[in-house]
Amino acid sequence: MSVSLDPVNIARALDRFSELWTQKKIADLNDYEIKLAKLKGEFVWHTHPETDELFLVVSGRLTIQLREGDVVLGPGELYVVPRGVEHCPVAEEETAILLVEPAGTLNTGDAGGPMSKAAESLG
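Residues numbered from 1 in each chain as written. Predicted model: local features only at pLDDT ≥ 70, side-chain atom pairs only at ≥ 80, totals over all residues. Heavy atoms only, no water.

1. Some words on the packing of aromatic side chains
- Under the criterion given, the structure shown has one aromatic pair.
- Ring geometry for W21 versus F43: centroids 4.7 Å apart, planes at 15°, classification stacked. Here W21, found in the loop between helix 1 (10-15) and strand 1 (24-29), pairs with F43, found in the loop between strand 2 (32-42) and strand 3 (53-59); they are 22 residues apart in sequence, far enough to count as distant. As far as burial versus exposure is concerned, W21 and F43 are alike and both buried.
- Across from the ring centre of F17, 5.0 Å away, lies the NZ or CZ of K38, which sits over that ring.
- The aromatic ring of W45 is capped on one face by R67, whose charged end is 3.7 Å from the ring centroid. (Phe/Tyr/Trp six-rings, centres within 6.5 Å; stacked < 30°, edge-to-face > 60°. Helix = DSSP H or I, 4+ residues; strand = E, 2+ residues; numbered from the N terminus. Buried < 20%, exposed > 50% of the residue type's maximum accessible area, 1.4 Å probe, protein only. Lys NZ or Arg CZ within 6 Å of the ring centre and 35° of its normal.)

2. Observations regarding the environment of Y79
- Tracing the chain through its elements places Y79 in strand 6 (residues 78-81).
- The exposure class of Y79 is partly exposed, given its relative accessible area of 24%.
- Along the primary structure Y79 and L56 are separated by 23 residues, whereas in three dimensions their C-alpha atoms are 6.7 Å apart.

This is the structure:
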């Protein structure tokens, strides 16, 4: 097995793209993908029936709307949306996040629609 000796620099990886609401895969962890995304505006309400979703804010401010109330995250804070919980990410300013999800998880979960995309490899 070949082992990479190159660490992933998150700031440099974020500098390599500008698209909003597009997840960029930066690493694999067992059956999971570690992804970066830049957000601004409101996404779509959706659920992931089969998996939890981890959001870690790198920069900016993210509000994760839940039917029960809002979770507001700043840099260095994370929140795990439990599987099956309907949520809608909102970023009033450009916000960079790191996500951890099973490989192949669509960004819109069960909602589908025109914003639905699989992660793209940044490598």
